[in-house]
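In case you want the letters, here they are:
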Amino acid sequence: MRATLKVAARATMALAGWALAASAWAWADRPVKLIVPAPPGGTTDIIARVFGQQLSADIGQPVIVENKPGAGAAIGLQAMLQAPPDGNTLAMVPSNVLTEIPHVMKVSYDPLKDILPVASLVRSGVVLVTPASIPANDFAGLLTYLKTRKGAYSTYSPGTASHYAGLILSDKAHLDMQHIGYPGSPPALQALMGGQVDFMFDGILTSLPLIKSGKLRAYAFSGKQRSRLLPDVPTTAEVGYPDLQFMGWIGLVGSPKLPADVLAKIHAAVKKAANDPGVQKRLAELGEPDLSIDTAALERENKATSERNAAIVRKYNIKN
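Note that the structure is predicted; figures quoted are calculated from it, not measured.

(A) Quick peek at helix α8 (residues 204–212). Of the positions making up α8, those classed as buried are I204, L205, S207, L208, L210 and I211. Buried residues in α8 make contact with α2 (43–59), β4 (116–131), α7 (185–193), β7 (199–203), β8 (216–221) and α10 (277–286). Count one or two residues on from α8 and you reach G214, which has phi positive near 85°.

Below, the structure is given as structure tokens:
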């Protein structure tokens with residue numbers, strides 16, 4: 001009899017624990033959809049799948065990653081905005097789709113008012129790279145070499161940090177360089193390694209394997225501190241060009257109509273999933289892990305970054 005009572009008590013406690021968990025994750029009482037406004041296989045997509053797998057394990061609901069690329073992320077963000085603002089549909093994006101692309105591509109929403117930054121997971125910047133054949137051992141040597149030629153630089157898309165940094169370097173260093181924009185890093189890097197252009201500011205993650213294999217040489221990184229992934233590469237400020245500091249975040253965004261209690265539950269779930277040791281390990285391989293669930297701070301950062309980028313676009317008359 002006593003053993004039966006003990007079993008019953010344990011069952012009651014288990015049910016109570018389950019009810020508490022269900023209450024804590026009430027925003028996810030059905031499958032959660034994470035929209036990625038980019039093709040499968042990219043950095044944002046990988047982060048979404050790594051994070052989504054852990055989130056699913058934590059909340060006991062499927063987390064479905066849905067890729068909706070196109071129109072500078074507008075297709076994916078529109079799909080998110082058209083879903084009910086109940087927290088079950090979010091998007092995983094790089095912040096540049098809110099602070100860079102809208103300055104050169106018309107979108108039907110206000111990226112600063114109609115999109116709510118929910119949480120950042122990773123920080124990432126751009127790195128100045130050239131083919132390994134360039135006869136320059138450091139940043140100063142690279143500038144000396146570039147000043148002797150009339151060349152070109154590639155970017156992964158017009159109107160992005162890759163473009164801004166190339167323009168600013170050419171301007172400040174008095175280089176005679178033509179801009180050639182490509183639809184993404186892979187073709188831009190191909191042009192670089194093929195000798196069609198002289199340099200590129202590329203996302204650190206896409207360039208890193210080529211740097212490590214000796215196909216590219218890195219000269220400067222756009223963060224305030226050196227990247228943990230390339231500790232021997234100086235920052236742009238260290239080489240005398242602080243105007244070339246560009247860092248963005250990759251994380252979750254949602255509708256600004258999300259109820260406060262739902263947002264609080266999402267923040268709790270994001271914090272738990274992102275702090276999982278396995279997730280942290282994978283995020284460290286994809287950038288600089290930097291969890292923030294301070295929505296107001298992310299909004300202020302987006303506003304300041306967007307204003308800075310708008311000034312650059314006006315100064316250099318950048319068009320898509």
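(B) Inspection of the environment of A74 at higher detail. Locating A74 in the fold gives a position in helix α3 (residues 74–82). With a relative accessible area of 12%, A74 lands in the buried category.

(C) Expanded view of the packing of α2 against helix α9 (residues 260–274). Running from N to C, α2 and α9 cross one another at 115°; their axes reach a closest spacing of 9 Å. Viewed along their axes, α2 and α9 adopt a mutual orientation that is roughly perpendicular. In this structure, α2 crosses over α9, and the sense of that crossing is right-handed. In contact with F51, Q54, L55 and D58 of α2, α9 contributes A269, V270, K272, A273 and A274. Its residues assigned to classes, the contact of α2 with α9 shows 6 nonpolar, 1 polar and 2 charged.

Conventions we followed
- Residues numbered from 1 in each chain as written.
- Predicted model: local features only at pLDDT ≥ 70, side-chain atom pairs only at ≥ 80, totals over all residues.
- Heavy atoms only, no water.
- Buried < 20%, exposed > 50% of the residue type's maximum accessible area, 1.4 Å probe, protein only.
- Helix = DSSP H or I, 4+ residues; strand = E, 2+ residues; numbered from the N terminus.
- Contact = heavy atoms within 4.5 Å.
- Axes fitted to C-alpha atoms, helices over the stretch in contact; angles between N-to-C directions.
- Parallel < 35°, antiparallel > 145°, perpendicular 65-115°, else oblique.
- Left-handed = near helix turned anticlockwise from the far one by under 90°.
- Nonpolar A, V, L, I, M, F, W, Y, C, P; charged D, E, K, R; others polar.

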